[in-house]
Amino acid sequence: MSVPRHPPATSTVPEPAWWLEDPELWSLLAFEGGHDDGLPVDLAWEDRQQVLDDLIRLPGLADIEFARFLLVQETHMHGHIWGFNSSIERAAILLAEHRRVQDVWLLWEAAYRSFDTWGIMPHRIVYAAGVEPVLRYVADSGHPQRDHLLEYLHRMDGTTDEQVARLLADRRRHYRELERH
């Protein structure tokens, strides 16, 4: 894997509130693919990871547009690097907690992005907005991934809204506890 698991302990990254003052600042956290000694890297990953760490520790919902932006950047990164970094799951949790049905495509793309995200991301997260609403929304969409996602959703028959809510709460708690150690 070309991205270390955790950023340096001494971070100079501003608090989440600073980023929300002006969405134009978000470009400082945008995916910036490159190579270091032939290995793929994201030059912005450390700052973005620190922001995700900070956001996962805060109570309540993250700003939805900021959460979408962060997940898109993490998805780009995971299409470029080798391996898996838990930052993509944290970004997905922050967005999924809003339970907006239209975000199913961003969550699906994050899970489906690479061999590693497919193998590690919790797939039930795509049901964050509720099993029935997501099934209806996907079935009624003209999205190019519609048939692929519907086929996969039907393989997860038996998933309940309670299981998905528990998954989100458990994963957030897991990452909060990791940050304390």
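Residues numbered from 1 in each chain as written. Predicted model: local features only at pLDDT ≥ 70, side-chain atom pairs only at ≥ 80, totals over all residues. Heavy atoms only, no water.

**Details of the overall build of the protein chain**
Scanning the protein chain from N- to C-terminus turns up nine helices and two strands. For the protein chain, the α and β elements follow one another from N to C terminus as α-β-β-α-α-α-α-α-α-α-α. On C-alpha atoms alone, the protein chain measures out to a radius of gyration of 16 Å, which is about the 16 Å that the 2.2 N^0.38 rule sets for 181 residues. Expressed as lengths along the three principal axes of its C-alpha atoms, the size of the protein chain is roughly 45 × 40 × 30 Å. Per-residue burial for the protein chain yields a buried fraction of 48% across its 181 residues. Partitioning the contacts of the protein chain with sequence separation of at least 6, the portion at a separation of at least 24 is 72%. Only carbon and sulfur atoms are counted for the fraction: they give 51% of the accessible area of the protein chain, which is about 9300 Å². (Helix = DSSP H or I, 4+ residues; strand = E, 2+ residues; numbered from the N terminus. Rg over C-alpha atoms; globule rule 2.2 N^0.38 Å. Buried < 20%, exposed > 50% of the residue type's maximum accessible area, 1.4 Å probe, protein only. Contact = heavy atoms within 4.5 Å. Areas by Shrake-Rupley, 256 points an atom, 1.4 Å probe, with all protein chains shown as cover.)

**Some thoughts on the side chain of Arg-68**
Its location among the elements puts Arg-68 in helix 3 (residues 64–80). A distance of 2.7 Å separates the side chain of Arg-68 from the side chain of Asp-103, its partner in a polar contact. For Arg-68, the contacting residues outside a window of four places in its chain are Leu-95, Arg-100, Gln-102, Asp-103 and Leu-106. (Polar contact = N/O pair within 3.5 Å; in protein donor to acceptor, adjacent residues only side chain to side chain.)

**Here's the deal with helix 2 (residues 45–57)**
The first and last C-alpha atoms of helix 2 sit 18 Å apart over 13 residues, in line with the 18 Å expected at 1.5 Å per residue. With ten of 13 residues buried, helix 2 is to be regarded as a mostly interior element. Listed as buried for helix 2 are Trp-45, Arg-48, Gln-49, Gln-50, Val-51, Leu-52, Asp-53, Asp-54, Leu-55 and Ile-56. (Expected span 1.5 Å × (residues − 1).)

**With respect to the packing of helix 5 (residues 104–112) against helix 8 (residues 146–155)**
Packed helices, taken two at a time, are described by the angle between their axes plus the distance between the axes. Relative orientation of the contacting elements helix 5 and helix 8 amounts to 80°, with a least axis distance of 12 Å. Between helix 5 and helix 8, the interaxial angle falls into the category roughly perpendicular. Along its contact with helix 5, which presents Val-104, Trp-105, Trp-108 and Tyr-112, the element helix 8 presents Arg-146, His-148, Leu-149 and Tyr-152. Classifying every residue of the contact of helix 5 with helix 8 by side-chain character gives six nonpolar, one polar and one charged. (Axes fitted to C-alpha atoms, helices over the stretch in contact; angles between N-to-C directions. Parallel < 35°, antiparallel > 145°, perpendicular 65-115°, else oblique. Nonpolar A, V, L, I, M, F, W, Y, C, P; charged D, E, K, R; others polar.)

**Comments concerning the nonpolar core**
Counting residues in hydrophobic clusters, the biggest one holds 47 residues, and the most contacted among them are Phe-66 and Leu-153. Elements with a minimum of two residues in this core: helix 2, helix 3, helix 4 (87–96), helix 5, helix 7 (131–140), helix 8 and helix 9 (161–180). At seven residues, helix 4 tops the list of elements feeding residues into this core. Excluding residues that lie within four positions of it along the chain, Leu-153 makes contacts with Val-126, Tyr-127, Val-134, Leu-135 and Val-138. (Core = buried A, V, L, I, M, F, W, Y, C linked by side-chain atoms within 4.5 Å.)

**Describing the pairing of strand 2 (residues 39–42)**
When strand 1 (residues 33–36) meets strand 2, the two strands line up antiparallel, connected through four bridges. In the sheet register, His-35 faces strand 2, and the bridge partner there is Pro-40. Counted between consecutive antiparallel strands, the loop separating strand 1 from strand 2 contains two residues, among which Asp-37 sits at a positive phi close to 55°. (Pairing = 2+ DSSP bridges.)

**So, helix 7**
Three or more residues of helix 7 are buried, namely Val-131, Val-134, Leu-135 and Val-138. Buried residues of helix 7, seen end-on, are gathered within an arc of 100° and therefore sit on one face of the element. (Arc of directions from axis to C-beta.)

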